[in-house]
Amino acid sequence: MYSRIVGTGSYLPAKVLTNFDLEKRLDTSDAWIRERTGIERRHIIADGESNTDMAEQAARAAIASAGIEPHELDLIVVGTTTPDLVFPNSGTLLQARLGCGGAPAFSLEAACSGFIYALAIADKFVRAGESKRALVVGSEVLSRIVDYTDRSTAILFGDGAGAVVLAPSDEAGIISTHLHADGGYQELLYCTGGPARGPAPGSFPPGDVVRMAGSEVFRLAVTLLGRIVDETVAANHLDRSAIDWLVPHQANLRIIQATAKRLSLPMERVIVTVQEHGNTSTASVPLALNVGIRDGRIKRGDLLLLQALGGGITWGSALVRY
Ligand code: COA
């Protein structure tokens, strides 16, 4: 038994923050940001809009495209680093919105790899026969933990949500998933505080914010995402040329290009959306997947490699026959 992606959806908030907007606030330029990251704009959540609001929009789109009703869901897994509340977890908040109580619903935190982690877990529920309709969501309000006085991170992050529905299938489906973490790298990319520790004393700006050693994370991302390409291909005795589409985490165009090169895949076979929304953490892979499917590039039967790396450091991949 395999699990198969039977529906996808995504959501981006209406408000747009362009490179030109950032130029006015920070010592940076549109040319620098585009050349070093590929990002042109990010979408920023409205005042009063929440992580759960975005997750609901993406989830409803995925449920509709799967041709099911919310009450048919028997598992909800939400990957997020920016939950509305410490608890109840984001999965249950979303479940309440969808009006489908009863089934297990939980969230998990693996930073930008959170969607791949959530997908891997939901896949195992479906394969084990414990779920027939699993909703997997990545939703993120990074703008609320970005320090907009720090030009090295303020340019990178945005808000958004993406979702998929999984169902059982005799044919693959999700062929394999590969998850890794190395907590030894936690100082390279982290949030300065949390509910148990509180904000760092004397921190500016007040509240918890993202801190990142950009060039170290960049080098690590290129190495580890390249390595996981090799691992995924080898585990499935595949030739790299069998991959039809790379659907990578959308953090930096140069990291994506390096991974495509490792796969000997031309950029025309890579779904790139980073220019539109920057790094949306757990939302980025399902957002890109939804774009590639809805615009008709990704077709039924295509072989996809999904992958991501994030704070932790965590990283992971999924080989998927769409
Ligand atoms: N505008 C203009 N200059 C900037 C800048 C900005 N927004 N941010 C940094 N710089 C400057 C630096 O201060 C540095 O100046 P210096 O040479 O005078 O010291 C110079 O640009 C180069 O900095 P560096 O950090 O080496 O640049 P980079 O090419 O590595 O690009 C990132 C910076 C953040 C874009 C890049 O490192 C990156 O994308 N890292 C990985 C991010 C990522 O994927 N994170 C999330 C993983 S989930």
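Residues numbered from 1 in each chain as written. Predicted model: local features only at pLDDT ≥ 70, side-chain atom pairs only at ≥ 80, totals over all residues. Heavy atoms only, no water.

1. Topic: the pattern of salt bridges
Between side chains of opposite charge, pairing is possible as soon as their charged atoms come close.
Stage number 1. Enumeration according to the criterion identifies 14 salt bridges in this entry.
Stage number 2. Where D30 meets R34, a salt bridge forms, and the shortest distance between an N and an O atom there is 2.6 Å. Of this pair, D30 and R34 are both found in helix α2 (residues 30-37), 4 residues apart, which corresponds to roughly one turn of the helix.
Stage number 3. Take D30: its relative accessible area is 7%, and that puts it in the buried class.
Stage number 4. E56 is paired through a salt bridge with R97; the nearest N and O atoms lie 2.7 Å apart. (Salt bridge = Lys/Arg side-chain N within 4 Å of Asp/Glu carboxyl O. Helix = DSSP H or I, 4+ residues; strand = E, 2+ residues; numbered from the N terminus. Buried < 20%, exposed > 50% of the residue type's maximum accessible area, 1.4 Å probe, protein only.)

2. Thoughts on the site of the ligand
Stage number 1. Near the ligand lie 23 residues; those nearest to it are T28, R36, R151, G214 and N252.
Stage number 2. At 2.7 Å from a nitrogen atom of the ligand is found a side-chain nitrogen or oxygen belonging to T28.
Stage number 3. Within the backbone of G214, one N or O atom sits 3.0 Å away from a nitrogen atom of the ligand.
Stage number 4. Compared with its free state, where it exposes 940 Å², the ligand has 71% of that area covered by protein.
Stage number 5. Contributions of two or more residues to the shell around the ligand are made by α2, α6 (151-154), α7 (214-235), α8 (253-262) and β12 (303-310). (Near = heavy atom within 4 Å. Polar contact = N/O pair within 3.5 Å; in protein donor to acceptor, adjacent residues only side chain to side chain. Areas by Shrake-Rupley, 256 points an atom, 1.4 Å probe, with all protein chains shown as cover.)

3. A look at the domain arrangement of the protein
Stage number 1. Partitioning the protein into domains gives domain 1 (2-170) and domain 2 (176-321).
Stage number 2. The contact between domain 1 and domain 2 buries some 3,900 Å² in all, and 60% of this surface belongs to carbon and sulfur atoms.
Stage number 3. In terms of surface lost to domain 2, no three residues of domain 1 exceed C112, I116 and Y117, which account for 16% of the buried area on that side.
Stage number 4. Connecting domain 1 to domain 2 are 3 salt bridges.
Stage number 5. The shortest N-O distance in the salt bridge between R211 and D150 comes to 3.6 Å. (Domains from an automatic or database assignment. Buried area = accessible area lost by both parts, 1.4 Å probe.)

4. Remarks on the packing of aromatic side chains
Stage number 1. The full count for this structure, using the stated rule, is 0 aromatic pairs.
Stage number 2. Above the ring of W245, the side-chain terminus of R269 is found at 4.3 Å from the ring centroid.
Stage number 3. Directly above the ring of Y322 sits R300, whose terminal nitrogen or CZ lies 3.8 Å from the centroid. (Phe/Tyr/Trp six-rings, centres within 6.5 Å; stacked < 30°, edge-to-face > 60°. Lys NZ or Arg CZ within 6 Å of the ring centre and 35° of its normal.)

5. Here's the deal with α8
Stage number 1. Taken as a whole, α8 has its buried residues at I255, I256, T259 and A260. Down the axis of α8, the buried side of the element spans an arc of 135 degrees, and every buried residue falls inside it.
Stage number 2. Contact partners of the buried residues in α8: α7, β11 (245-248) and β12.
Stage number 3. A distance of 2.7 Å separates the backbone nitrogen of R254 from a side-chain oxygen at the start of α8, and that oxygen is part of N252.
Stage number 4. Where α8 ends, the next residue or the one after it, S264, has phi of about 55 degrees, a positive value. (Arc of directions from axis to C-beta. Contact = heavy atoms within 4.5 Å.)

6. So, the environment of Y2
Stage number 1. Topologically, Y2 is positioned in strand β1 (residues 2-11).
Stage number 2. Y2 gets classed as partly exposed once you look at its relative accessible area, which sits at 29%.
Stage number 3. For the pair Y2 and R151, spaced 149 residues apart in the sequence, the C-alpha separation amounts to 44 Å.
Stage number 4. With residues up to four places along the chain from it excluded, the contact list for Y2 reads V126, R127, A167, P168, S169, D170, E171, A172, G173 and I174.

7. Re the sheet that holds β12
Stage number 1. Here we have 4 strands laid out as an open sheet, ordered β8-β13-β12-β11, and mixed in their pairing. In this open sheet, the two edge strands, each paired with only one partner strand, are β8 (174-181) and β11. For this sheet the average axis-to-axis angle between neighbouring strands, irrespective of direction, equals 15 degrees.
Stage number 2. Those strands touched by α7 are β8, β12 and β13 (314-321), and its axis lies near 145 degrees from that of β12. (Pairing = 2+ DSSP bridges. Axes fitted to C-alpha atoms, helices over the stretch in contact; angles between N-to-C directions.)

8. As for the nonpolar core
Stage number 1. Membership of the largest hydrophobic core comes to 40 residues, with the highest contact counts inside it found for I243, L246, L263, V270, L305 and L309.
Stage number 2. Residue assignment for this core shows that the elements contributing at least two residues are α7, α8, β12 and β13.
Stage number 3. If one sorts the elements of this core by residue count, α7 sits on top with 8 residues.
Stage number 4. Taken domain by domain, the makeup of this core includes at least three residues from each of domain 1 (2-170) and domain 2 (176-321). (Core = buried A, V, L, I, M, F, W, Y, C linked by side-chain atoms within 4.5 Å.)

9. Quick notes on α2
Stage number 1. Three or more residues of α2 are buried, namely D30, I33 and T37. For α2, the angular spread of the buried residues around the axis is 75 degrees, confining them to a single face.
Stage number 2. Its buried side turned inward, α2 meets α1 (19-25), β3 (41-44), α8 and α9 (274-277).

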